[in-house]
Amino acid sequence: MAYALQQLINGLTLGAVYGLIAIGYTMVYGIIGMINFAHGDIFMVSAFIAVTAFTLLAAFDITSLPLAITAVLITAIFFTSAYGWAVERMAYRPLRGSTRLAPLISAIGMSIFLQNMVQLTQGARVKPIPPVLEGGIEIWQSGGFTVQISWTQIMIVLVTIVLMVAFTYLITQTAFGRQQRACEQDSTMTALLGINVDRTISATFMLGAALAAVAGVMVTVYYGVVDFFIGFVAGIKAFTAAVLGGIGSLPGAMLGGLIIGLIEAFWAAYLSPEYKDVATFSILILVLMFRPSGLLGRPEVEKV
Amino acid sequence: MSAVIIARHARTPAERFKDAAWVGFVALLLGIPMVGLTTVDQGGALTVQTRFGMLGAFVGASFVGRFIFRWIMDQVRNRRAAKPAVAKVDRTPQAIKVIGWAVLGASIALPIAFSENRYVIDTATTVLIYVMLGWGLNVVVGLAGLLDLGYVAFYAVGAYTYALLFSHFGWTFWEALPVAGAMAATFGILLGYPILRLRGDYLAIVTLGFGEIIRVILVNWTELSNGPNGIGSIPRPTLFGLPFDRNPTEGTQSFATFFGLEFSGMHRIIFLYYLILVLALLTNVFVSRLRKLPVGRAWEALREDEIACKAMGMNVTNVKLSAFAIGAMLGGFAGVFFAARQGFISPESFTFTESATILAIVVLGGMGSQLGVVLAALVLVLLPELGRNFSEYRMLLFGTAMVLIMVWKPSGLLASREPTIRLNKATAAGGQS
């Protein structure tokens, strides 16, 4: 029981990270209808930025934890958004209005490019950083097993909740959110009404990248190691989460992320860690068999 | 935010400068965390190293590059605008036919011209494997319009079927080939069946997941697949029972002794080349014949409009499954050849990057175009090969090429999507627009 509780906590933490990345996929899909394959690698870039930033801060002897984490978050969000913007501008904007597969291929190319660029400039080896946030709270003890929530896990969950609230507010209540949703529904009409669609799409990419940046910093703090290949796996998982929740739906992305995180944690703990990816994808296929547009997705209306 | 000016009027130097400066600024932003700073492991702890010289060079190169690029683009545009538009006669179909025969001739003549150059023939064999895979995937993606991101799974199924049939039952290449094709087709149907209702990108992620499932199983089910160590010493194919060995076992003949030739290691390389050439050409003929059959017509109809297909009473389930099965079977054949050629297979060879490469070949070539696939396979295999002297850059080059070609020609290198059937001339002209 205690063991299960611990897995629940681990799964939720992992799921929160997946959810943050999944939102980037789902938003981009909603607005231009493409799978942004490079999104996982944007997340990886931000993790590397976080490593550099933490190391720099340590070199300048900044030890106050809240200050350090805030500074790293801001740095990572700033630079990662620049990457999100540049990727959209270079690889996707010239392809607007072409076939559906063209941006997909250019996204895959971008993903390969980013991975190898980071490998070349930052090195292929795993980068470890000293633990940033240590310790935790013991919440329950039974039969020699202690259930523990680490401070890092608390931070991840709190940051995710805060971001989700802020983000929901941004999308549902502000002028930008209205523009963004308008572009999602009908970009031609939105352009006719005087909204700069290109700018809105760019902003969407930057927002998605910013959320991925937060996820990147959290993962760096949580695991303490980063390498150039983490983007691929995290990207696929997050994309699976977005599809599971119903692509285009923001709460769906978060829900999907949490489900995938829980499946992974429990499968790895009770059955076999080697096959946790098989379990994830099998459940995705099972869910899609019965709900072809995901858990919270609206079924597509086919018009003839 | 975006100060990159795309104006139609003649650009002033100030504008050009501003445009290039903006690109330089973006390059600076992108470069600071990746080029300008890096962390190095020193005595167990990371320290930050600055590379401002490199950063400066990167920003400078972006600035100058953008400046020159825009200038050239403007020159090209001006020249184009100055020329009166001439009504172009579209000779593409004839040209494609001529180029197609030329490429075929060149590929037959290649081993004769380079009979001593092992590297050239090996590379050409690799290109042909990708051509065959591209033609196979073209059935699923180009003809039936079903986005498959896990095609490498069928390639793996084919390769492993041969490897396992050999290591357990001693089957030869030619015996295993049809079985492996059937096996891959079965997997295609197995994958296709549960996801028939899905469309577009849902299909993409499920196929991607399927590819990963197969790979993870191959890595972890060590009793079956020997895990990450792979399966080795897979025998090479024979020519009607004639092996290409230096010392044939007593009482049998090898290729060299049978024809009274002196043994040369090149014989096998050239034989493998011709074998994949024949397999690829068979694939091509097979697919282009299928396109003229009702099932091929049905695929293309499905790609264009699924609802209309249903309304016309087509059995969409069977059409989709047949596309999956045939595409998978062709991938399986290519897998058997791959296993026989390498002599060793491991899950390493069947990663998502491989699927992405095959899909990129189909899309870059121009969806549905057979010759385009050849062209794209040539570009995508040879380009990284050119950079093999500085091998750490080859994948970087590969990714860049994918993005650039797509941006340059969004509908593919050869993008003439000819309708396979025309009712009559008048409707064809009206329906083309």
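Residues numbered from 1 in each chain as written. Chains lettered and ligands numbered in written order. Predicted model: local features only at pLDDT ≥ 70, side-chain atom pairs only at ≥ 80, totals over all residues.

Caption draft 1: Highlighting the overall build of chain A. A count of helical and extended segments in chain A gives 11 helices and four strands. The C-alpha radius of gyration of chain A comes to 20 Å, within 12% of the 19 Å expected for a compact globule of 304 residues. Overall, the C-alpha framework of chain A stretches about 65 × 50 × 35 Å when taken along its three principal axes. Across chain A, contacts joining residues at least 24 apart in sequence account for 75% of those joining residues at least 6 apart. (Helix = DSSP H or I, 4+ residues; strand = E, 2+ residues; numbered from the N terminus. Rg over C-alpha atoms; globule rule 2.2 N^0.38 Å. Contact = placed C-beta atoms within 7 Å.)

Caption draft 2: Spotlight on the overall build of chain B. Of the regular secondary structure elements, chain B holds 17 helices and two strands. Evaluated residue by residue, chain B yields a buried proportion of 40% over its 433 residues. When contacts within chain B are restricted to residue pairs at least 6 apart in sequence, long-range pairs at least 24 apart make up 73% of them. (Buried ≥ 20, exposed ≤ 12 C-beta atoms within 10 Å, placed from the backbone.)

Caption draft 3: How the structure looks around the nonpolar core. Ile105 and Val214 of chain A together with Tyr162, Val336 and Leu359 of chain B are the most contacted members of the largest nonpolar core, which has 224 residues in total. Counting only domains with at least three residues in this core, you end up with domain 1 (13-82) and domain 2 (92-426) of chain B. (Core = buried A, V, L, I, M, F, W, Y, C linked by C-beta atoms within 7 Å. Domains from an automatic or database assignment.)

Caption draft 4: Geometry of the interface of chain A and chain B. At the junction of the two partners, chain A supplies 52 residues and chain B supplies 49 residues. Among the elements that take part in the side of chain A that touches chain B, helix H4 (residues 101-122) of chain A stands out by supplying 15 residues, more than any other.

Caption draft 5: Representation of the pairing of strand E1 (residues 37-42) of chain B within the structure. Residue and element names in this part refer to chain B. In the sheet, E1 pairs with strand E2 (residues 45-50) via six bridges, with the strands oriented antiparallel. Bridge pairing in E2 places valine 40 opposite threonine 47. Linkage of E1 to E2, two consecutive antiparallel strands, is achieved through a turn of two residues, within which glycine 43 is found at a positive phi near 60°. (Pairing = 2+ DSSP bridges.)

Caption draft 6: Representation of the UniProt feature "transmembrane region" (unreviewed entry) in chain A. Residue and element names in this part refer to chain A. Those residues carrying the UniProt feature "transmembrane region" (unreviewed entry) are residues 12-35, 42-60, 66-87, 99-118, 150-171 and 203-223 in this numbering. Secondary structure content for residues 12-35 is 88% helix and 0% strand, while the C-alpha to C-alpha distance between its ends is 25 Å. Along residues 42-60 one finds 95% helix and 0% strand; the C-alpha atoms at either end are 27 Å apart. (UniProt positions renumbered as here; feature names shortened; annotations may be inferred.)

Caption draft 7: Region of interest: unusual backbone geometry. A positive phi angle is found at asparagine 226 of chain B, which is not glycine, with a value near 65°. Here asparagine 226 of chain B falls in the partly exposed class, since 18 other C-beta atoms lie within 10 Å of it.

Caption draft 8: The arrangement of helix H11 (residues 294-304) of chain B in detail. All names here are of chain B. Taken together, the buried positions of H11 are occupied by Gly296, Ala298, Trp299 and Leu302. The arc that holds the buried residues of H11, viewed along the axis, is 160°, so those residues lie on one side. In H11, the exposed positions angled more than 90 degrees off the buried face are occupied by Pro294 and Glu304. Summarising the contacts, the buried residues of H11 are in contact with helix H4 (118-143), helix H10 (265-292), helix H12 (306-311) and helix H13 (316-342). (Arc of directions from axis to C-beta.)

Caption draft 9: Fine view of the packing of helix H3 (residues 65-92) of chain A against helix H1 (residues 13-36) of chain B. Look at H3 of chain A against H1 of chain B: their axes get within 9 Å of each other, and the N-to-C directions meet at 130°. Classified by the interaxial angle, the pair formed by H3 of chain A and H1 of chain B is oblique. As H3 of chain A runs across H1 of chain B, the sense of the crossing is left-handed. Between H3 of chain A and H1 of chain B, the residues in contact are Phe79, Ala82, Tyr83 and Ala86 of chain A and Val26, Leu29, Leu30, Ile32 and Pro33 of chain B, respectively. Split by residue class, the contact of H3 of chain A with H1 of chain B holds nine nonpolar, no polar and no charged. (Axes fitted to C-alpha atoms, helices over the stretch in contact; angles between N-to-C directions. Parallel < 35°, antiparallel > 145°, perpendicular 65-115°, else oblique. Left-handed = near helix turned anticlockwise from the far one by under 90°. Nonpolar A, V, L, I, M, F, W, Y, C, P; charged D, E, K, R; others polar.)

Caption draft 10: Up close: the packing of helix H6 (residues 173-192) of chain B against H13 of chain B. Residues and elements named next belong to chain B. Relative to each other, H6 and H13 sit at 140°, their axes nearing to 7 Å. Pair H6 / H13 crosses with right-handed handedness. For the contact of H6 with H13, the class distribution of residues is 18 nonpolar, seven polar and one charged.

Caption draft 11: The arrangement of the environment of phenylalanine 60 of chain A in detail. Residue and element names in this part refer to chain A. Checked against the element boundaries, phenylalanine 60 lands in the loop between helix H2 (39-59) and H3. Note on phenylalanine 60: 9 C-beta atoms within 10 Å, which makes it exposed. The spatial distance from the C-alpha of phenylalanine 60 to the C-alpha of valine 221 is 19 Å, given a sequence separation of 161 residues.

Caption draft 12: How the structure looks around helix H2 (residues 52-82) of chain B. Residues and elements named next belong to chain B. End to end, H2 covers 45 Å across 31 residues, agreeing with the expected 45 Å (1.5 Å per residue, within 8%). By the burial criterion, the buried members of H2 are Phe58, Val59 and Arg66. Buried-residue contacts for H2 involve H1. (Expected span 1.5 Å × (residues − 1).)

Caption draft 13: A look at the domain arrangement of chain B. For chain B, the assigned domains read domain 1 (13-82) and domain 2 (92-426). One C-alpha centre belongs to domain 1 of chain B, the other to domain 2 of chain B, and the line joining them spans 39 Å.

Caption draft 14: The arrangement of the confidence of the model for chain B in detail. Residue and element names in this part refer to chain B. Residues with a pLDDT of 70 or more make up 87% of chain B, whose mean pLDDT is 82. The lowest-confidence element of chain B is helix H17 (residues 425-432), averaging 46 in pLDDT; the highest-confidence one is H13, averaging 92. Here residues 427-433 is modelled with pLDDT under 50, and outside its nearest four sequence neighbours on either side it reaches one contact, counting other chains as well. The ipTM value of the predicted complex is 0.86, and its pTM value is 0.86. (pLDDT = per-residue confidence, 0-100.)

Caption draft 15: Inspection of the environment of serine 81 of chain A at higher detail. Residue and element names in this part refer to chain A. Residue position: serine 81 is located in helix H3. For the pair formed by serine 81 and valine 197, sequence separation is 116 residues and the distance between their alpha carbons is 18 Å. Residues within four places of serine 81 in sequence aside, it is in contact with Met206, Ala209 and Ala210.

Caption draft 16: Local environment of the environment of asparagine 117 of chain B. Along the polypeptide, asparagine 117 of chain B turns up in the loop between helix H3 (92-113) and H4. For asparagine 117 of chain B and isoleucine 213 of chain B, which are 96 residues apart along the polypeptide, the C-alpha to C-alpha distance reads 39 Å.

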